[in-house]
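Structural characterization, general
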Amino acid sequence: MSRYWSPVVHRLTPYVPGEQPKLSQLVKLNTNENPYPPSPRVLAAIAGELAADGRSLRLYPDPNAEQLRAAIAARYAEFAIAVPQVFVGNGSDEVLALAFMALLRHELPILFPDITYSFYPVYSGLYEIAHLTVPLGDDFRIRVEDYSAANGGIIFPNPNAPTGCLLPLTAIEQLLRRHPQSVVVVDEAYIDFGGESAVALVNHHANLLVVHTLSKSRSLAGLRVGYAIGQRDLIEALERVKNSFNSYPLDRLAIVGAVAAIADQEYFESTRQAIIHSRETLRNALLALGFDVLPSAANFIFVRHPRHDAGELAARLRQRGIIVRHFRLPRIEQYLRITIGSDEQCALLVQALQELVTPQ
Ligand SMILES: *Cc1c(COP(=O)(O)O)cnc(C)c1O
């Protein structure tokens with residue numbers, strides 16, 4: 001607290017990111033990073049940008065990141081996405097923050113699930129946007145029929161975080177049709193691990209904004225690149241806010257690295273398939289140890305054990321050098337969210353959990 005703070009700062013409850021420990025020998029399964037390195041083409045592109053003594057770094061990057069937006073539009077050619085329908089930002093967290101300001105800040109409260117990405121209430125607080133939470137069903141699924149209140153917008157991740165549950169596109173279409181006056185933001189941070197992207201619906205629904213990140217399925221959490229796809233007027237709103245805040249959210253290395261990552265479809269396919277395969281193997285191993293494991297379409301699983309306290313399990317895993325995410329929040333305090341690591345990391349986790357849950 002300080003008398004120098006703006007009044008709004010006193011009222012903020014900032015997001016608390018998952019721990020980034022200094023010790024590198026830990027098995028880090030707490031923030032849904034990808035266990036595989038990025039495509040080798042990313043490294044080559046960044047090295048290329050740094051050639052000639054890094055002279056290009058003297059110059060500002062392209063404020064509109066045209067090259068990256070063209071690469072993203074090309075990736076969605078089957079859905080006829082044009083470059084002006086693509087917005088890029090410094091991680092999808094920044095894209096989401098701009099979307100809250102540009103598209104969700106109206107008179108009416110916005111709606112999001114009671115169990116969801118914990119950044120949404122933080123942005124609502126920052127921009128003083130009222131929100132209503134809509135409870136997930138007992139099976140932790142989003143029930144679109146429960147999104148009936150008059151609202152200034154709707155946002156949810158698909159698959160949802162931290163549950164991993166996937167909503168089919170038909171349900172998203174129902175929501176879009178039911179709320180033509182509101183923007184529906186679908187945060188597809190994990191869609192590449194098992195779902196169908198709502199980008200397919202963008203040209204049919206004027207109120208849809210789909211947000212993606214390169215942090216999870218492209219192994220680039222450290223490069224900070226996210227993007228949004230929607231009809232042109234929605235993208236223009238994001239650009240207006242962005243250009244009122246920071247004209248150069250993506251640096252030169254991020255732009256060329258992201259272009260290379262998106263171009264390497266083959267590498268993307270092989271790493272995402274490997275993670276999907278590891279996820280199913282891990283799910284079966286934990287089911288065999290007596291865990292309840294929600295079906296997941298993401299690069300993490302959400303699990304609980306009927307006889308072991310989740311907080312205690314997390315603490316004991318930590319003593320063994322394995323970190324997972326435990327949220328002390330209503331309805332989910334007995335669950336752990338575990339990122340799908342390499343097969344070796346998954347095996348270490350299963351071994352540790354086996355020791356912890358097997359009666360001595
Ligand atoms: C990881 C994550 C993000 C943020 O991704 P960045 O692009 O790294 O900022 C956004 N939404 C959800 C649901 C996430 O899990």
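Each value, and the rule that gives it
- Residues numbered from 1 in each chain as written.
- Predicted model: local features only at pLDDT ≥ 70, side-chain atom pairs only at ≥ 80, totals over all residues.
- Heavy atoms only, no water.
- Helix = DSSP H or I, 4+ residues; strand = E, 2+ residues; numbered from the N terminus.
- Buried < 20%, exposed > 50% of the residue type's maximum accessible area, 1.4 Å probe, protein only.
- Pairing = 2+ DSSP bridges.
- Right-handed = clockwise from strand over helix to strand, strands pointing away.
- Domains from an automatic or database assignment.
- Contact = heavy atoms within 4.5 Å.
- Buried area = accessible area lost by both parts, 1.4 Å probe.
- Salt bridge = Lys/Arg side-chain N within 4 Å of Asp/Glu carboxyl O.
- Nonpolar A, V, L, I, M, F, W, Y, C, P; charged D, E, K, R; others polar.
- Phe/Tyr/Trp six-rings, centres within 6.5 Å; stacked < 30°, edge-to-face > 60°.

1. Some points on unusual backbone geometry
Leaving glycine aside, a negative phi is the common case for residues, and trans is the common case for peptide bonds. Backbone torsion omega between asparagine 158 and proline 159 reads -5°, so that peptide bond is classified as cis. Its location among the elements puts proline 159 in the loop between β5 (154–157) and α7 (169–178). In this structure, the amide linkage connecting alanine 161 to the following residue, proline 162, adopts the cis form with an omega of 5°. The residue alanine 52 is not glycine, and still its phi comes out positive at about 55°. For alanine 52, the location among the structural elements is in helix α3 (residues 51–54). With a relative accessible area of 52%, alanine 52 lands in the exposed category. A positive phi is found at aspartate 53, a non-glycine position, where the angle reads about 55°. Within the secondary structure, aspartate 53 is located in helix α3. Overall, the relative accessible area of 80% leaves aspartate 53 in the exposed class.

2. A closer look at the pairing of β5
On β5, burial covers both faces: Ile154 and Phe156 on one face and Ile155 and Pro157 on the other are all buried. In this structure, β5 lies alongside strand β6 (residues 184–187), joined through 4 bridges in parallel fashion. Bridge assignment links proline 157 to a residue of β6, and that residue is aspartate 187. With respect to chirality, the unit in which β5 leads through α7 into the neighbouring parallel β6 is right-handed.

3. Quick word on the domain arrangement of the chain
For the chain, the assigned domains are domain 1 (19–38 + 266–357) and domain 2 (40–263). Measuring from the centre of the C-alpha atoms in domain 1 to the corresponding centre in domain 2 gives 25 Å. Each partner contributes to the interface: domain 1 provides 27 residues, whereas domain 2 provides 29 residues. Summed over both partners, the interface of domain 1 with domain 2 buries about 2200 Å², with 63% contributed by carbon and sulfur atoms. When residues of domain 1 are sorted by the area they lose upon contact with domain 2, Pro38, Phe268 and Arg331 head the list and together hold 32% of the total. Taken together, domain 1 and domain 2 are joined by 1 salt bridge. A salt bridge links aspartate 114 to arginine 331, with the nearest nitrogen and oxygen atoms 2.8 Å apart. Here the element with the most residues in the side of domain 1 that touches domain 2 is helix α10 (residues 265–288); it accounts for 7 residues. Split into classes, the residues belonging to the side of domain 1 that touches domain 2 amount to 16 nonpolar, 6 polar and 5 charged.

4. Topic: the packing of aromatic side chains
This structure, assessed with the given rule, holds 14 aromatic pairs. Ring centres 4.7 Å apart and planes at 10° place the aromatic pair phenylalanine 302 and tyrosine 335 in the stacked group. Of the two residues, phenylalanine 302 sits in strand β10 (residues 300–304) while tyrosine 335 sits in the loop between β11 (322–324) and β12 (336–339), which places them 33 residues apart along the sequence. Each member of the pair, phenylalanine 302 together with tyrosine 335, is buried.

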